[in-house]
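So you can see what is in the structure, the chains are spelled out below.
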Amino acid sequence: MKSPSLRVLLIDDELDLVDILTLNMSIMGYSCQASANTADAREHLLRERFDFVICDVIMPGESGLEFFEKLKSQSRALPPFIFYSGLSELPFEKPYPDGIIGFIQKPFSMSAFFAQLPEELRPL
Amino acid sequence: MISAEDIKSLKGTFTMKTTDKNYGNSLELLGAHKRVLELMANNRPLFKILDRIVELIENFAPGARAALYFVKDGKLHLGSAKSFPLAFTSVVDGCPIGINLGVCGTAGITGQRTISTDVETDEVWGTFTDWILSFGIRSAFSTPVLSKSGAVLATVSLYYETKHAPNEWDFEIVEVAANLMSIAVERMNQESLIKEQSLKLVTSSRLAALGEMAANLAHEINNPLAIIQSHASLMKLLSSRAALSSSDVERSASHIEKTVERIAAIMKGLKIISKDGDNDPFQTVSAQNLVEDTLSFCKERLRKNGIDLRVAEISPELSIACRPVQLSQALLNLLNNAFDAVMPLQTKWISVEAKATGENCIISVADSGPGIPPELKKKIMEPFFTTKGNEHGTGLGLSISSKIIEAHSGTLHINDQVQNTQFDIHLPLDNLK
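Definitions and limits used
- Residues numbered from 1 in each chain as written.
- Chains lettered and ligands numbered in written order.
- Predicted model: local features only at pLDDT ≥ 70, side-chain atom pairs only at ≥ 80, totals over all residues.
- Heavy atoms only, no water.
- Phe/Tyr/Trp six-rings, centres within 6.5 Å; stacked < 30°, edge-to-face > 60°.
- Helix = DSSP H or I, 4+ residues; strand = E, 2+ residues; numbered from the N terminus.
- Buried < 20%, exposed > 50% of the residue type's maximum accessible area, 1.4 Å probe, protein only.
- Salt bridge = Lys/Arg side-chain N within 4 Å of Asp/Glu carboxyl O.
- Pairing = 2+ DSSP bridges.
- Axes fitted to C-alpha atoms, helices over the stretch in contact; angles between N-to-C directions.
- Contact = heavy atoms within 4.5 Å.

A few words now on the packing of aromatic side chains. According to the stated counting rule, one finds 18 aromatic pairs over all chains in the structure shown. When the ring of F67(A) is compared with that of F81(A), the centres are 6.4 Å apart and the planes differ by 55°; the resulting orientation is tilted. You can see F67(A) sitting in helix α3 (residues 64-74) and its partner F81(A) sitting in strand β4 (residues 81-85), a full 14 residues away along the chain. There is no split in this pair, since F67(A) and F81(A) are both buried. Centre to centre, the rings of W131(B) and F135(B) are 4.9 Å apart; their planes meet at 75°, and the pair counts as edge-to-face. With relative accessibility at 18%, the residue F135(B) sits in the buried group. By way of ring pairs, the aromatic residues Y30(A), F52(A), Y84(A), F108(A), F113(A) and F114(A) are connected into one cluster.

As structure tokens, this is what we get:
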């Protein structure tokens, strides 16, 4: 039996996208927390527990990858990260670096999005 | 030393007629040669130079009418033949070169001087005999102008209304004319090569800019597409659960509309780099629209890189007469430069302003950079000068921008009155009249 509600941290400065993703994921039974920048996301990660993190690659100021690298050097107990990006090139080589479990290219349908998640993180 | 007597006797050997004062005077011929060279050095147009070569020949070879033809792709192309009627020049222009296709055609193909002392009987005219006689021509000769590799570049031909056998003096004149002609052809070829190359450079710099923006463009379009697709997913999901209300549809539809507009704005901006716009007509456009269209293209890129874009409010009444695509390209180049300049800095901002001051409309692009060092101020406007390294810049952006602005009778300035880096485009409001 999966836990009743998987907790997701969604980090993206594109607020319209965050809103609609949150809505989609909530309907699918996730509990979503949105952050518009990495500083805010860091606060949430310090205080709360998440099952996974969805993070945009390119954001104003610190990029998603820089944020992830910094976190990794500070803590070993990070939730797994899934990155997504509008860029057509993978920002890292496969196999994914430790701590990263997926890379999704924008645009994507929600079903394709969920299909990219590992079994245990898919919707109920 | 040559005595006056010698010259007299020399003249004697050259002479057929002695009516013209310049006839037989080598020094004067040399002077005339020099004057045509001076015209070339002063970059006078080619047709003027060719006309002067014809004048030179006719002045020194009395009774002769001169015709200059270029030889290209196996055909004769009119250079200058101002003493001939259109009925003559228009037929010869475009004629193939070949044996017995007249003195020009034959000299053009053989690379040898070709002489016809009697049009009526000489074979060299082939089927043209009657036609050439109808212009009153009784004799002619043609000298090829050869390239260093021996290819025929042009022909210099002299036509006479009498049966005339060319003498040493005639050949001397033609040699001078052929020499001038070879210089003219060489210059013409060089000029068209330079034109071709600079055209290639402009194209390649546009392609480089396009390449740089392609990745950025994918990002700017994929983001809104992701929003649209997520709305589609939501409606499908809700509908599959029989939970799709009309307010859900309305909400998603209006988000989709808004997002499509965002993509459309980017596409509108795209025309700025996809088109050269060099031959567009001048149009009166609002400065506000022009700036907004240009910014729509790079706004997202600036935002994503944490650059604060400050756009001062532009009066909706401010209009500019311009080629909008070109001017946008110039503005975009300045914005791209500002982008590259602020990226390594702690404080990143770019500001854009457009206002009317007196006789000018001034569009300014400033950034948080420390200004242009005085020693570079002149250099940065030169083509190929770049401080960005080869990977990033072609060194053409500013020089192209300044060329575009010059073509609008405007000027591009570096503003020293401010602490930061600021470029001002001055455009005369007069353009509107």
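A word on the pattern of salt bridges. Within this structure, the stated rule accounts for 22 salt bridges over all chains. When the shortest N-O distance is used, the salt bridge between D13(A) and R303(B) registers 2.8 Å. Taken together, the residues D13(A) in the loop between β1 (7-11) and α1 (15-27) and R303(B) in helix α9 (residues 287-304) connect one chain to another. Since its relative accessible area comes to 31%, R303(B) is described here as partly exposed. Where salt bridges share partners, they join D12(A), D13(A), E14(A), D56(A), K106(A), R262(B), E300(B), R303(B) and K304(B) into one cluster.

This brings us to the sheet that holds strand β12 (residues 421-428) of chain B. All names here are of chain B. Strand order in the open sheet made by the five strands is β7-β9-β10-β12-β11, with mixed pairing throughout. The open sheet has two edge strands, β7 (308-311) and β11 (411-414), and neither has a second partner. Neighbour to neighbour, the strand axes of the sheet diverge by 15° on average, direction disregarded. The pairing of strand β10 (residues 360-367) with β12 spans eight bridges and is antiparallel. In the strand pairing of β12, C361 is matched with L427. Packed onto the sheet, helix α10 (residues 324-342) meets β9 (349-357), β10, β11 and β12 and runs at close to 25° relative to β10.

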